[in-house]
Amino acid sequence: MSDIVSPLEPGSMMSDLRVRFAPSPTGSLHIGGARTALFNWLFARHNNGVFVLRIEDTDLERSTGESARGIVSALRWLSLDWDEGPEIGGPCGPYFQSQRLCLYTEAANKLLEQGMAYYCYCTQEELSERRQQAMKAGKASRYDGRCRTLSREDRIRLEQEGRRPALRFHIPPSGVTVVTDVIRGEVAFSHEVLDDFIIMKSNGHPVYNFACVVDDSSMKISHVLRAEEHLSNTPRQILIYQALGEPLPVFVHLPMILAPDRSKLSKRHGATSVQEFSEQGFLPEALLNYLALLGWSPEGEEEIMPLPEIVRQFSLDRVGKNAAIYDTKKLTWMNGHYLNEADLNSVVEQAIPFLQQRGLVPDDVSPEQREYITRVVEIVRTRVKTLAEIADASDYFFSDDFIYEEKGVRKHFSKPGVDRLLSAAAQRLEPLEPYETRVLEDAYRDLSTELGVSAGEIIHPTRLALSGRTMGPGLFELMAVLGKKKTLQRLERAVQFIRQQA
RNA sequence: GGCCCGUUGGUCAAGUGGUCUAAGACAUCGGCCUUUCAAGCCGGUAACAGGGGUUCGAAUCCCCUACGGGUCACCA
């Protein structure tokens, strides 16, 4: 038995598993789209399948090249790489729908010849007029099929009026189409609720429900993972697959991601685009990890999971059914975690643009500056949650020109004798060598004992003197990073300030 | 409005008829630690939408109601 290697059916090989992410370039990639992309990618990587990226730019009015580029770069930022698609091509290209027009026309002609599609000369105005009336009468606004039976003469007449026809798909008048969905089971749609929908616009371009089917079948997509909003489109698409004589893919409708107010995600909900999260200083690893947990859950209790581990564990069995509201608090917490755990140099690399943006470091960072930045980031990152906060929390390391927090001045600079305390500290620091955390702390402890004050009484004013703040990294680490020269200067500056106040 | 999907704490979620006096995470509250702020550690508050069934037994199965979402475009 063990000698017999059973030949795999060609159709059953895992490498035939093909999924795609098919965004329309009418805006930036928002986290809902990113989650869909992620699940497709995870599913492909876990099963050794192929992940295809296809740009659905059939809407001439709304699609822009800029959006397409934005989506591509957002996916790259997230490190969701595709095996076929824009920039890299592949055997099923092109990967922009706008460049696959002849495929749609060909398929449309086939349906036309078979009598499964027909020309419709109704104008958009007429259509919407009828829709309004139906609405008013409280009836379903379905297309009434009036162009289905147009004669040759009718059509010539209508075209002489200057009308350009759209192509409609003829829904089989009775019956039920059942969508078999991995997440939701069997969902039946009666044909009565489906009307003859347009598959080719009068401008010769296909409409989503049609282009999508033509592409998914010509690209040999085996599993369609997409958001649940497409579930009710699916019966229409199945009917097209059948009319074209193409096999159905496996459908997987993912639960939606909703905004905090339970409504569908849109721009007015603040940061929802991947780019915005990036600009706010979130790390791609954190966003990915967070997104993976929206709709999917691992078997164990550990939620912090690096991407390879998520790939290893990912399974459709553990994808839920219900929509999720995203919660920036948890994302922020997770980001803070990744900020601390990630490789220091990588965090520095990503933090530098934020420092530059605030004018804290020059556009060209020298090796010495980078070394200094690294030391700063190392002690600052443990107490912040985002890259932007790293920059906010470390400005005084890069600029001498800071003001003292008012609250701190009241609390730590107003006690009689603080100026002498700081002077004494400066004197004690001056000869210290090496200027290191341990040495600094010992010096301060000794000094406070000698002066008969608590360590805090001298530590707090020192922090304020050095950073202008009442909170921050451990004081002795701060001093060590700042260096002796700056420390002494700032101590002196504070002494002057206090004496002026008095 | 028609059709479709969904409903476990504030949020994400585990749970697939008994082990549920319902796990874990974030948030929140309290404590410990401590030079501050975080982090970390320990502990607390907090949920099966409602009503009917089925069953010896229901968060889990069925029905109804309510609520939420989606969809009904020459948008995707």
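An account of the accompanying structure is given in this report. Residue numbers restart at each chain and count upward from 1, following the sequence in its written direction. The lettering of chains begins at A and the numbering of ligands begins at 1, in the order of writing. Where totals are concerned, whole chains, interfaces and linings use all residues; where local detail is concerned, this predicted model gives features only for residues with pLDDT of at least 70, and gives and counts side-chain atom pairs only at 80 or more. Side-chain numbers here rest on the full set of heavy atoms in the structure, without hydrogens or water.

Points about the overall build of chain A
Inference 1: For chain A, the helix and strand inventory stands at 20 helices and eleven strands.
Inference 2: Relative to its length of 502 residues, chain A is extended, with a C-alpha radius of gyration of 32 Å against a globular reference of 23 Å.
Inference 3: When the backbone C-alpha atoms are referred to their principal axes, chain A occupies close to 105 × 70 × 40 Å.
Inference 4: Burial statistics for chain A: of 502 residues in total, 48% are counted as buried.
Inference 5: Contact definition: two residues touch when any of their heavy atoms are within 4.5 Å. Considering only contacts within chain A whose residues lie at least 6 apart along the sequence, 75% involve residues at least 24 apart.
Inference 6: Areas reported here follow the Shrake-Rupley algorithm with a probe of radius 1.4 Å; residue values treat only the protein chains shown as occluding. Accessible surface, chain A: about 25300 Å² in total, of which carbon and sulfur atoms supply 50%.
Inference 7: His residues and chain termini do not enter the charge count, which takes Lys and Arg as positive and Asp and Glu as negative. Positions of charges follow a simple convention, taking NZ of Lys, CZ of Arg, CG of Asp or CD of Glu. A gap of 5 Å separates the mean positions of the 59 positive and 69 negative side-chain charges of chain A. By definition, any uninterrupted DSSP run of H or I lasting at least four residues is a helix, any uninterrupted run of E lasting at least two residues is a strand, and each is numbered from the N terminus. Atoms considered for the radius of gyration are the C-alpha atoms alone. The globule rule reads 2.2 Å times the number of residues to the power 0.38. Buried residues are those whose accessible area, probed at 1.4 Å on protein chains only, stays under 20% of the maximum for their type, while exposed residues exceed 50% and partly exposed ones sit between those limits.

Considerations on the packing of aromatic side chains
Inference 1: For this analysis, a ring pair means two rings from Phe, Tyr or Trp (six-membered ring only for Trp) whose centres lie within 6.5 Å, classed as stacked if their planes differ by under 30 degrees, edge-to-face if by over 60, and tilted for the remaining angles. Overall, the coordinates contain twelve aromatic pairs when judged by the stated rule.
Inference 2: Measuring from ring centre to ring centre gives 5.6 Å for Y444 and F476, while their planes differ by 75 degrees; the resulting arrangement is edge-to-face. With Y444 in helix α17 (residues 437-451) and F476 in helix α19 (residues 475-482), the pair connects residues that are 32 residues apart, well separated along the chain.
Inference 3: The criterion is that NZ of a Lys, or CZ of an Arg, lies within 6 Å of the ring centre and within 35 degrees of the ring normal, and then a charge sits over that ring. Lying over the aromatic face of F39, R35 brings its terminal NZ or CZ to 4.8 Å of the ring centre.
Inference 4: Above the face of the F402 ring, R493 is positioned so that its terminal group lies 4.7 Å from the ring centre.

A short note on the environment of E433
Inference 1: The residue E433 is located in the loop between α16 (418-429) and α17 in this model.
Inference 2: When the C-alpha positions of E433 and S174 are compared, they lie 91 Å apart, and in sequence the two are 259 residues distant.
Inference 3: One polar contact links E433 to K484, side chain to side chain, over a distance of 3.4 Å. Polar contacts here mean pairs of N or O atoms no more than 3.5 Å apart (in protein, one a potential hydrogen donor and the other a potential acceptor; neighbouring residues in sequence count only if both atoms are side-chain atoms).

Regarding the pattern of salt bridges
Inference 1: A pair is scored as a salt bridge if a Lys or Arg side-chain nitrogen falls within 4 Å of a carboxyl oxygen belonging to Asp or Glu. Inspection of the entire model under this criterion finds 31 salt bridges.
Inference 2: Here E349 makes a salt bridge to R370, at a shortest N to O gap of 2.9 Å. Of this pair, E349 sits in helix α12 (residues 344-357) while R370 is found in helix α13 (residues 367-380), placing the two residues 21 residues apart along the sequence.
Inference 3: The class for E349 is partly exposed, based on a relative accessible area of 45%.
Inference 4: Note that R358 and D392 form a salt bridge whose closest N and O atoms lie 2.9 Å from each other. Of this pair, R358 sits in the loop between α12 and α13 while D392 sits in helix α14 (residues 387-393), and the two are 34 residues apart along the sequence.
Inference 5: For D392, a relative accessible area of 39% translates into the label partly exposed.
Inference 6: Each member of the salt-bridge network shares a partner with another, and the members are R20, R54, E56, R100, D215 and D216.

Considerations on unusual backbone geometry
Inference 1: Backbone torsion omega between G93 and P94 reads -5 degrees, so that peptide bond is classified as cis.
Inference 2: For the bond from E433 to P434, the omega torsion is -10 degrees, close enough to zero to count as cis.
Inference 3: With respect to the secondary-structure elements, P434 resides in the loop between α16 and α17.
Inference 4: In this model, N48 sits at a positive phi of 60 degrees, which is unusual for a non-glycine residue.
Inference 5: Not every positive phi belongs to a glycine, and E87 is a case in point at roughly 75 degrees.
Inference 6: With relative accessibility at 61%, the residue E87 sits in the exposed group.

Details of α17
Inference 1: By definition here, a helix of n residues has an expected span of 1.5 Å times n minus one. The end-to-end C-alpha separation of α17 is 21 Å, in line with the 21 Å expected for 15 residues at 1.5 Å each.
Inference 2: Within α17, the full set of buried residues consists of L440, A443, Y444, L447 and S448. Projected onto a plane normal to the axis of α17, the buried residues spread over an arc of 125 degrees and lie on a single side. In α17, those exposed residues whose orientation departs by more than 90 degrees from the buried face are R438, T449 and E450.
Inference 3: The inward-facing, buried residues of α17 contact α16, α18 (455-467) and α19. Arc, as used here, means the arc of the directions from the helix axis to the C-beta atoms.

Let's talk about the packing of helix α3 (residues 101-113) against helix α6 (residues 208-218)
Inference 1: Axes here refer to lines fitted to C-alpha atoms; in helices the fit is confined to the stretch in contact. Angles between the N-to-C directions go from 0 to 180 degrees. Two numbers describe how α3 lies on α6: the axes approach to 10 Å, and their chain directions differ by 105 degrees. Here α3 lies roughly perpendicular to α6, going by the angle between them. Counted together, L103, Y104, A107, A108 and L111 of α3 and F210, A211, V214, D215 and S218 of α6 form the full contact between these two elements.
Inference 2: Residues belonging to the contact of α3 with α6 are distributed by class as follows: eight nonpolar, one polar and one charged. Under this scheme an angle from 65 to 115 degrees is roughly perpendicular, one under 35 degrees roughly parallel, and one over 145 degrees roughly antiparallel; angles in between are oblique. Here the term charged refers only to Asp, Glu, Lys and Arg, the term nonpolar to Ala, Val, Leu, Ile, Met, Phe, Trp, Tyr, Cys and Pro, and the term polar to all other amino acids, Gly among them.

Here's the deal with the protein's contact with RNA strand B
Inference 1: Looking at RNA strand B, there are 59 residues lining it, with T58, K201, H460, R463 and G472 nearest.
Inference 2: Residue R445 places a side-chain N or O atom 3.3 Å away from a phosphate oxygen belonging to RNA strand B.
Inference 3: For RNA strand B, a base nitrogen lies 2.7 Å from a polar atom in the backbone of G472.
Inference 4: Per-class residue counts for the surface near RNA strand B are 21 nonpolar, 17 polar and 21 charged. One heavy atom within 4 Å of a molecule or strand makes the whole residue count as near it.

Re the side chain of D216
Inference 1: You can see D216 is positioned in helix α6.
Inference 2: For D216, a relative accessible area of 1% puts it in the buried group.
Inference 3: If we ignore the near neighbours within four places in the chain, the residues touching D216 are R20, R54, I221, V224 and Y241.

Let's talk about the sheet that holds strand β4 (residues 166-169)
Note: strands within a sheet are paired through backbone hydrogen bonds, in either parallel or antiparallel orientation.
Inference 1: A pair of strands is labelled paired if DSSP reports no fewer than 2 bridges between them. Taken in spatial order, the three strands of this open sheet run β3-β4-β7, and their pairing is antiparallel. Of all the strands in the sheet, the pair left with one neighbour each is β3 (117-120) and β7 (198-200). The mean angle between the axes of side-by-side strands here comes to 45 degrees, regardless of whether they run parallel or antiparallel.
Inference 2: Bridging between β3 and β4 involves four bridges; their strand directions are antiparallel. When the sheet's bridge partners are listed, A117 is paired in β4 with F169.

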